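The chain contents come next:
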Amino acid sequence: MVYPDRAAAGHALGTALEHLRDTDPLVLGLPRGGVPVAAAVRAVLGGDLDVLLVRKLGLPWQPELAMGALGEGGVVVLNRDVVDRSGVSQAAFLDVEQTELAELARRQAMLRERDPIPLAGRTVIIVDDGMATGATVAAACRVAREQEPARIVVAVPVSSPEAARRVRPECDELVCLWTPADLGGVGMAYADFHQLADAEVVELLR
């Protein structure tokens, strides 16, 4: 099962979320890769589209493997098993954290052309292009929960079983179209998995 691109994956995901059409959902994409998926979901369901800014804390020598993640509002989620198994030092962890905090601030300045849409009382659908460890999406759920939405739904086209187990307790509903046992990386689920530029994300949000 391979999606042609993120938009096609989002369309398929939106179809699986039809039961939420009448809730006036707020669809939140996780930049960068989650935004085109979220835009396609919103095209199917209606409602509003916005971003939720979070950053993965990758191991210094293996950035794609998440030690945890951080989000707007000072939320930090740790993957304790990765931290313990890797033996990363506190100093190295703090260096990564400071780098990602700076990138989070940069993305806030670039992508927040308007105030965030309030989450309070809304059905919030958090969308990413996939979950390998689930750390970033778990952070997004905690950021969202602090704003008291009526319901948090996580929706992804693909996830590892481990990530699905990690994220399920953080949300009210998890919708995932494909959970391969041997997911080596989210990119394996897409024919086109190009790195999005900030300009592409801004245009989708407009």
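For the structure itself, consult the block above.
Here goes a summary of the coordinates provided. Sequence positions are assigned chain by chain, starting from 1 and proceeding in written order. Per-residue local features are limited, in this predicted model, to residues with pLDDT of at least 70; the limit for side-chain atom pairs, both in listing and counting, is 80 or more; totals at the level of whole chains, interfaces and linings are taken over all residues. Based on all heavy atoms of the structure, the side-chain values leave hydrogens and waters out of the count.

1. Here's the deal with helix H5 (residues 135-145)
Given 3.6 residues per turn, any residue in an α-helix points the same way as the ones three and four places further on.
Right, on to step 1. Judged by how many residues are buried, H5 sits mostly within the fold: nine of 11 residues are covered.
Right, on to step 2. Every buried residue belonging to H5 is among Ala 135, Thr 136, Val 137, Ala 138, Ala 139, Ala 140, Cys 141, Val 143 and Ala 144, and all of these are buried.
Right, on to step 3. When checking whether two residues touch, look at their non-hydrogen atoms; a contact exists if any pair is within 4.5 Å. Helical segments are the DSSP runs of H or I of at least four residues, strand segments are the runs of E of at least two, and each set is numbered from the N terminus. Considering only its buried residues, H5 is in contact with strand E3 (54-59), strand E4 (62-71), strand E5 (75-78), strand E6 (123-127), strand E7 (151-156) and helix H6 (161-167). Only protein chains enter the area calculation, which uses a 1.4 Å probe; residues under 20% of their type maximum are buried, those over 50% are exposed, and those in between are partly exposed.

2. A closer look at the nonpolar core
Right, on to step 1. Counting 43 residues, the largest nonpolar core has Leu 13, Leu 17, Val 27, Met 67, Ile 125, Val 127 and Tyr 190 as its most contacted members.
Right, on to step 2. Take this core: its biggest share by element is seven residues, from helix H2 (residues 34-45).
Right, on to step 3. With residues up to four places along the chain from it excluded, the contact list for Leu 13 reads Val 37, Val 41, Val 127, Ala 155, Val 156, Pro 157, Val 175 and Leu 177.
Right, on to step 4. Put simply, a nonpolar core is a bunch of buried Ala, Val, Leu, Ile, Met, Phe, Trp, Tyr and Cys residues held in one set by side-chain atoms that sit within 4.5 Å of each other. Judged by nonpolar contacts, the second largest core, of 30 residues, contains Leu 26, Leu 28, Val 77 and Ala 164.

3. Some points on the packing of aromatic side chains
The relative placement of two aromatic rings is captured by the distance of their centres and the angle of their planes.
Right, on to step 1. Centres within 6.5 Å are what make two rings of Phe, Tyr or Trp a pair, Trp counting through its six-membered ring; a difference in plane orientation under 30 degrees is then read as stacked, over 60 as edge-to-face, and the rest as tilted. By the definition in use, this model includes two aromatic pairs.
Right, on to step 2. Taking the centre distance of 5.6 Å and the plane angle of 40° together, the rings of Tyr 3 and Tyr 190 count as tilted. Taken together, the residues span a long stretch of sequence, with Tyr 3 in the segment before helix H1 (6-16) and Tyr 190 in the loop between strand E8 (173-176) and helix H7 (198-205) at a distance of 187 residues. Pair check on accessibility: Tyr 3 and Tyr 190 agree, each one buried.
Right, on to step 3. The structure contains a cluster of three or more aromatic residues connected by ring pairs, namely Tyr 3, Tyr 190 and Phe 193.
Right, on to step 4. A ring is scored as having a charge over it whenever the NZ atom of a lysine or the CZ atom of an arginine sits within 6 Å of its centre and within 35 degrees of its normal. In this structure, Arg 6 is placed above the aromatic ring of Phe 193, and the distance from its NZ or CZ to the ring centre is 4.3 Å.

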